[in-house]
Amino acid sequence: MRPARSPPSSFSWGPLSYLLWGAGAIALILGILTTTPALLFLGLPLLLAPVGAALLGPVGPMSASFEGRVVGSGREVDISGTLALDTAVDPNELEVEVRVPPGLAPRRRTRLERAPGAIRISLAWEAPNPLVAPVPAPEVFWRDPAGLVEREVAVVSEPLYVERYPPELIRIGAARLERTIALPGETRSRRIGTSGEFFGIRDAAPSEPLRRINWVASARAGRWLANEYLVERTGDVILLVDARPTVLGPSTDAELFSLSVAAAYGIAESFLREKARVGLGVYGEFLHAVPLGGGRTQRVRLRRALLASRVGTIAGPAERCAVAARRFFPPGVSTILISTLADDDAGHLVPFLRRRGYPVTVLSPSPVPSESSRAGTSESDLADRIARLVRRQRIARMWRDAPVLDWEDRWNLGGLVELLRRPERQRRLA
Amino acid sequence: MTATSAGRETYRLGPGLPVLVLTALALTVVSDWPILIGLLLVAVGVAMGVVVRWEAGPRARALSVVPVLVALVALGARTPVGAVPDGLAGVAGIAVIVWLADDPHRPRERPSRWFSAWSIPAIGVAIAWASTALLPPTAVPFGVAGGLLAAALIALAVLVRRPDLVDRDRAPSL
């Protein structure tokens, strides 16, 4: 992927420079008008200071490259990296600013270690809710001690992403999907996966489930080893994210949409890891789709599409989504609809999709926790209870058309995994 | 979206504030203002400047220099002609730059860098004051100081119009 690059190194006068020049010019004019040399002497350093600051600073464009990685797990997001300076400038004279992406909060102050030619940056953020967000490249400035002039260092950075979603989604890829290949029955794939015929042993990843660990081989080798299998199935799954505005308002809509994006990305990543094909549709006024595909490239495509999507300003009719979906995806594909179901219109999407041949499972980020945390009054308990009852009733109605998971605990999606792994429930509904 | 800025240790109370207060008080003593009014001007100007710099946001922080400059210009406007008052006025102008270099929200500077912030204005004032104090007491000193000021104004006009003069591209090479 293309590295992100900040604008070219630039020089700019600070607002303080203009203030000093203005004050110096006033002192000069007053001094001449009143023939008071003291004002001339007072104005002289004010006029010279910005010029002196510009002359003393580093000359020419400055550039640097940033290489970092995102570590940590769950809510903790730790980013460490090194800013390598391509220009001969003292790192002690540089200031580093890092923009915190929306949805993240700093856990502690940014730590910098300055060495000759490089600055090591250590960031500690917290993700209160699941999210997928790009990490912006650090902004690096040279400023004179008085803050009169500023030069920005052009920073080239490899794109970094914070990807946090409920850990249960790692297992969701093992769920049975509706088969969409031409030949019915079990079809052996030549792809390697986590289920099927035993194929071989490989080094285990830190996040490997215990059931995949080959305990005997691990004991012999002295390191964690996991089994690999020849994948026996090829499933397709469509992720449909409802990006229509609701009665909840723009800020709550945006917050819940961010959750939907994180869930969609987590689900997609898990299924892609299992070699399934994943398609994505984001429905606001119109359907924006990423056709079914697999592999790493599809992962990047999906991430890019999800990060570019926003809550729409106009809500498209439910039938349009179902009609448009048929242009991009074949019928019969397992479909996971991620929608807040905040109003009755949102629920209309499910029957239309079913009529067009998509077996739907609904994941619904609940707006109740977001709304209740903002109330904070003595009557909020009662309001919360009423809101939960209304929501429970709406979801109960939805169950007539499709299985629905009310996603209230932001860091737990075990319910969705169980729902998808129990095909009998879906068959009963069909 | 917020930004975390990271740097070194910041100033709690740098040398800039004492230097500014002392030079402003010295200018008060030599000025024609009644001493109480002069002290009031200094106290109000400096206090407002310090408070604005501590409390204001990043954008409004630059305005902290305004009350300080207003107080100093008011003092300078009623300062008699003489080598000592003129020199004190110049030192007061330099003290403003020294105070600005002690921003409590910015990293603590190394002594050499801190010195470089006010060295060029100090050299300019020193040249102007020396030409005033050491040359024969005619209209010439006033003219020298005025000439220096005019030169500074021209230089800054050129730099404002062409900032690339101090921001040259790196020479291309094979």
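Residues numbered from 1 in each chain as written. Chains lettered and ligands numbered in written order. Predicted model: local features only at pLDDT ≥ 70, side-chain atom pairs only at ≥ 80, totals over all residues.

Visitor: Got a minute to help me understand the overall build of chain B in this structure?
Guide: Assigned secondary structure in chain B consists of 6 helices and 1 strand. Of the regular secondary structure in chain B, the N- to C-terminal order runs β-α-α-α-α-α-α. Taken across its 174 residues, chain B has 37% of its residues classed as buried. (Helix = DSSP H or I, 4+ residues; strand = E, 2+ residues; numbered from the N terminus. Buried ≥ 20, exposed ≤ 12 C-beta atoms within 10 Å, placed from the backbone.)

Visitor: It is not clear to me how the overall build of chain A should be interpreted in this structure. Could you clarify?
Guide: On a plain count of helices and strands, chain A comes out with 12 helices and 21 strands. Taking all 430 residues of chain A together, 39% fall into the buried category. For chain A, long-range pairs separated by at least 24 residues make up 73% of all intrachain contacts whose partners lie at least 6 apart in sequence. (Contact = placed C-beta atoms within 7 Å.)

Visitor: Any chance you could explain the packing of helix α1 (residues 16-30) of chain B against helix α4 (residues 83-100) of chain B here in plain terms?
Guide: How two helices pack is summed up by the angle between their axes together with the distance between the axes. Residues and elements named next belong to chain B. Contact geometry of α1 with α4 gives a least axis separation of 9 Å together with a crossing angle of 155°. One way to sum up the angle between α1 and α4 is to call them roughly antiparallel. For the crossing formed where α1 meets α4, the hand is left-handed. Together, G16, L17, V19, L20, T23, A24, A26, L27 and V30 of α1 and V84, P85, L88, A89, V91, A92, A95, V96, V98 and W99 of α4 make up the contact between the two elements. Partitioning the contact of α1 with α4 into residue classes produces 17 nonpolar, 2 polar and no charged. (Axes fitted to C-alpha atoms, helices over the stretch in contact; angles between N-to-C directions. Parallel < 35°, antiparallel > 145°, perpendicular 65-115°, else oblique. Left-handed = near helix turned anticlockwise from the far one by under 90°. Nonpolar A, V, L, I, M, F, W, Y, C, P; charged D, E, K, R; others polar.)

Visitor: Sorry, what's going on with the interface of chain B and chain A here?
Guide: Much of the literature gives interface size as the accessible area that the parts lose upon coming together. Facing 60 residues of chain B, the contacting portion of chain A comprises 54 residues. Listed by contribution, the elements that provide at least two residues to the side of chain B that touches chain A are β1 (2-6), α3 (65-77), α4, α5 (111-134) and α6 (140-161) of chain B. Here the side of chain B that touches chain A takes 11 residues from α5 of chain B, the largest share from any one element. A breakdown of the residues in the side of chain B that touches chain A according to their chemical character gives 38 nonpolar, 12 polar and 10 charged.

Visitor: Would you take a moment to explain the pairing of strand β20 (residues 360-365) of chain A for this structure?
Guide: A regular strand carries its side chains on alternate faces of the sheet. Residues and elements named next belong to chain A. Here β20 lies mainly inside the structure; 6 of its 6 residues are buried. Burial along β20 is two-sided: the face carrying V360, V362 and S364 and the face carrying T361, L363 and P365 are both buried. Sheet topology note: the strand β19 (residues 334-338)/β20 ladder contains 4 bridges and is parallel. Each bridged residue has a counterpart across the sheet, and for L337 the counterpart in β20 is V362. Alignment of β20 against strand β21 (residues 404-407), held across 4 bridges, turns out to be parallel. What sits directly across from V362, in β21, is V404. (Pairing = 2+ DSSP bridges.)

Visitor: Is there a simple way to think about the domain arrangement of chain A in this case?
Guide: Once the domains are mapped, chain A shows domain 1 (1-162), domain 2 (167-184 + 234-429) and domain 3 (192-230). The C-alpha centroid of domain 3 of chain A is placed 48 Å from the C-alpha centroid of domain 1 of chain A. (Domains from an automatic or database assignment.)

Visitor: Which parts of the structure should I look at to understand the nonpolar core?
Guide: A general feature of soluble globular proteins is that nonpolar side chains tend to end up buried together. Residues L239, A264 and A268 of chain A are the most contacted members of the largest nonpolar core, which totals 86 residues. Element by element, the count of residues in this core is highest for helix α4 (residues 250-273) of chain A, at 12 residues. Built from parts of two domains, this core gets at least three residues from each of domain 1 (1-162) and domain 2 (167-184 + 234-429) of chain A. Residues contacting L239 of chain A, with those up to four places away along its chain left out, are A264, I267, A268, V278, L280, I336 and I338 of chain A. Core analysis: the second largest hydrophobic core is formed by 61 residues, L28, A53 and A146 of chain A together with A122 of chain B among them. (Core = buried A, V, L, I, M, F, W, Y, C linked by C-beta atoms within 7 Å.)

Visitor: What is the right way to read the environment of L44 of chain A from this model?
Guide: Structurally, L44 of chain A is set in helix α2 (residues 37-56). The spatial distance from the C-alpha of L44 of chain A to the C-alpha of F329 of chain A is 73 Å, given a sequence separation of 285 residues. With sequence-adjacent residues up to four places away left out, L44 of chain A is seen in contact with G90, G93, G124, V125, A128, L148, L149 and A152 of chain B.

Visitor: What exactly am I supposed to notice about the confidence of the model for chain A here?
Guide: Atomic detail in the predicted coordinates should be set aside for any region of low pLDDT. Residues and elements named next belong to chain A. Chain-level statistics for chain A give a pLDDT mean of 85 and a share of 89% at 70 or above. Summarising per-element confidence for chain A, the mean pLDDT is lowest in strand β1 (residues 4-5) (54) and highest in helix α3 (residues 215-221) (94). Throughout residues 182-187 the model reports pLDDT below 50, and contacts reaching past four residues in sequence, or to other chains, amount to 5 contacts. (pLDDT = per-residue confidence, 0-100.)

Visitor: Hey, could you run me through the packing of helix α1 (residues 15-34) of chain A against α3 of chain B in this one?
Guide: For the pair α1 of chain A and α3 of chain B, the least separation of the axes is 11 Å and the interaxial angle reads 15°. Taken together, the axes of α1 of chain A and α3 of chain B are roughly parallel relative to one another. In this structure, α1 of chain A crosses over α3 of chain B, and the sense of that crossing is right-handed. Between α1 of chain A and α3 of chain B, the residues in contact are L16, L19, A23, I26, A27, L30 and T34 of chain A and V65, V66, L69, V73, G76 and A77 of chain B, respectively. A class-by-class count of the residues in the contact of α1 of chain A with α3 of chain B yields 11 nonpolar, 2 polar and no charged.

Visitor: What is the right way to read α4 of chain B from this model?
Guide: Three- or four-residue spacings in an α-helix give side chains the same orientation, since the helix completes a turn every 3.6 residues. Taking 1.5 Å as the rise per residue, α4 of chain B with 18 residues should run 26 Å; its terminal C-alpha atoms sit 26 Å apart, in good agreement. Counting buried positions over the 18 residues of α4 of chain B gives 16, a clear majority of the element. (Expected span 1.5 Å × (residues − 1).)

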